[in-house]
Amino acid sequence: MKKRLIAALLSLCMLLGMAPLSVLAAQPVYVALGDSISTGYGLDPEEAEKSFVEQIAEQQELSVTKLAADGETTASLLAKLADADGAVAEALETADVVTLTIGGNDFMNALYEYMAEAYNTANGTSFTAEQFKQALEGKNEEPEQAAALAFVTQNISGFAFGAGGTLLTQFETALNAIALGIRGYTEAPVVVATQYNPYRFAADELKPFEQVMPDQVDAAQAIADAFDTMLARMNEKIKALKAREGFFTADVFSAFDGEEQQNPCNASFLSSNLDFHPNAHGHTLMAQTVGEVVQSALSGGTAESTDITV
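Caption draft 1: Summary view of the overall build of the chain. Helices and strands together make up the secondary structure of the chain, namely 14 helices and six strands. The proportion of buried residues among the 310 residues of the chain is 46%. Across the chain, every contact between residues at least 6 apart in sequence was considered, and the portion connecting residues at least 24 apart equals 74%.

Here you go:
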């Protein structure tokens, strides 16, 4: 009996010796929070298109828990963080690293509300923000997409330099509350992605046609420039988390802004597509940008030394 036990123990030791370290060591736990950017909205799994979250998890051999949701706003995420017995709280308590994409829906919802109200005031109509959004997407007959887009072009600077200030104040307050909420469950490093401009590449794409369609080129540039203005101010709030909460920042804005060869987003003024989500190429850029910060954070890097772009 004793010989059998010794033989069994020796066999077990041999098996463990042959097992790779990756099997023996538990994979670090990666929790992904946020909106449809993190869910990979619009990607085609049949074409093997993967979100930046999935790419990072595979490349760095992380065990991923994806709790992002399409349409997530700062308000809806705060509600989840307030639930101490919920899935988000449970996941955060075991997290080794967290990524967060948030703010894009807050921005777009505020923009649609502003535009719908301004359009109604100017035209005596009563469109809701959702109806105006659908008009911009070409899904409503009234107002027509061209009319809605033209109105946005003429009035978006008013949002960027005026009404957008309310959004910024609310966003900063909510972002700080989210940071405190996350810290209530974990001290793991948190990597927050900056907001990118989905229309910069699309606007630049029109520039070669300036002689034949100057109005369209000017309109596209006006939209892209207004987004740059607002996003610069939003991203200041995101980057400020480093000083207050020790969070990490992944500068996705600069990664997308510097892309000159291939559009990182679905948006295209040439085809009247205003979809602001990243395409497969955009998610690869995000995987590189966010992934480098995740790797540094897991290796013991500090927030102050990790503001990485590619």
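This is not the end of the story, as more comes after the structure.
Caption draft 2: A look at the packing of helix H5 (residues 74-82) against helix H9 (residues 145-183). At a minimum axis separation of 10 Å, H5 and H9 run at an interaxial angle of 25 degrees. Between H5 and H9, the interaxial angle falls into the category roughly parallel. The two elements H5 and H9 cross, and the hand of that crossing is left-handed. Along the contact surface, H5 presents Thr74, Leu77, Leu78 and Leu81, while H9 presents Phe171, Ala174, Ala177, Ile178, Gly181 and Ile182. Split into classes, the residues belonging to the contact of H5 with H9 amount to eight nonpolar, two polar and no charged.

Caption draft 3: Molecular detail of the pattern of salt bridges. Counted by the stated rule, this structure contains eleven salt bridges. We note a salt bridge from Lys66 to Glu54, for which the minimum N-O separation is 3.7 Å. Of this pair, Lys66 sits in strand E2 (residues 63-66) while Glu54 sits in helix H4 (residues 52-59), and the two are twelve residues apart along the sequence. Assessed through its relative accessible area of 31%, Lys66 is described here as partly exposed. Across the salt bridge formed by Arg200 and Asp204, the nearest N and O atoms sit 3.7 Å from each other. Of the two residues, Arg200 and Asp204 are both situated in helix H10 (residues 200-206); the distance of four residues between them amounts to about one turn of the helix. Given a relative accessible area of 11%, Arg200 falls into the buried group. It is possible to trace a salt-bridge network through shared partners that takes in Arg200, Asp204, Lys207, Asp225 and Asp228.

Caption draft 4: View of the packing of aromatic side chains. According to the stated counting rule, one finds nine aromatic pairs in the structure shown. Relative to Phe127, the ring of Tyr119 has its centre 5.9 Å away and its plane inclined at 55 degrees; by these criteria the two rings are tilted. Judged by relative accessible area, Tyr119 falls into the buried class, the value being 11%. Three or more aromatic residues link up through ring pairs in this structure, and these residues are Phe107, Tyr114, Phe159, Tyr199, Phe227 and Phe269.

Caption draft 5: Spatial organisation of the side chain of Arg183. Mapped onto the elements, Arg183 comes out in helix H9. Classification of Arg183 as buried rests on a relative accessible area of 17%. At a separation of 3.0 Å, a polar atom in the side chain of Arg183 contacts the main-chain carbonyl oxygen of Thr186. Not counting residues within four places of it along the chain, the set of residues in contact with Arg183 comprises Ala188, Pro189, Val190, Glu245, Gly246 and Phe247.

Caption draft 6: The arrangement of the environment of Val293 in detail. One can find Val293 in helix H14 (residues 280-298). Overall, Val293 belongs to the buried group, its relative accessible area being 0%.

Caption draft 7: Spatial organisation of unusual backbone geometry. Looking along the chain, the bond that leaves Glu142 and enters Pro143 is cis, with omega of -15 degrees. The topology assignment puts Pro143 in the loop between helix H8 (129-136) and H9. Positive phi outside glycine occurs at Ala48, with the angle close to 60 degrees. The residue Ala48 is located in the loop between helix H3 (36-39) and H4 in this model. Despite not being glycine, Ser272 shows a phi value in the positive range, around 55 degrees.

Rules behind the numbers
- Residues numbered from 1 in each chain as written.
- Predicted model: local features only at pLDDT ≥ 70, side-chain atom pairs only at ≥ 80, totals over all residues.
- Heavy atoms only, no water.
- Helix = DSSP H or I, 4+ residues; strand = E, 2+ residues; numbered from the N terminus.
- Buried < 20%, exposed > 50% of the residue type's maximum accessible area, 1.4 Å probe, protein only.
- Contact = heavy atoms within 4.5 Å.
- Axes fitted to C-alpha atoms, helices over the stretch in contact; angles between N-to-C directions.
- Parallel < 35°, antiparallel > 145°, perpendicular 65-115°, else oblique.
- Left-handed = near helix turned anticlockwise from the far one by under 90°.
- Nonpolar A, V, L, I, M, F, W, Y, C, P; charged D, E, K, R; others polar.
- Salt bridge = Lys/Arg side-chain N within 4 Å of Asp/Glu carboxyl O.
- Phe/Tyr/Trp six-rings, centres within 6.5 Å; stacked < 30°, edge-to-face > 60°.
- Polar contact = N/O pair within 3.5 Å; in protein donor to acceptor, adjacent residues only side chain to side chain.

Read these as layout, nothing more, since geometry by itself doesn't imply function.
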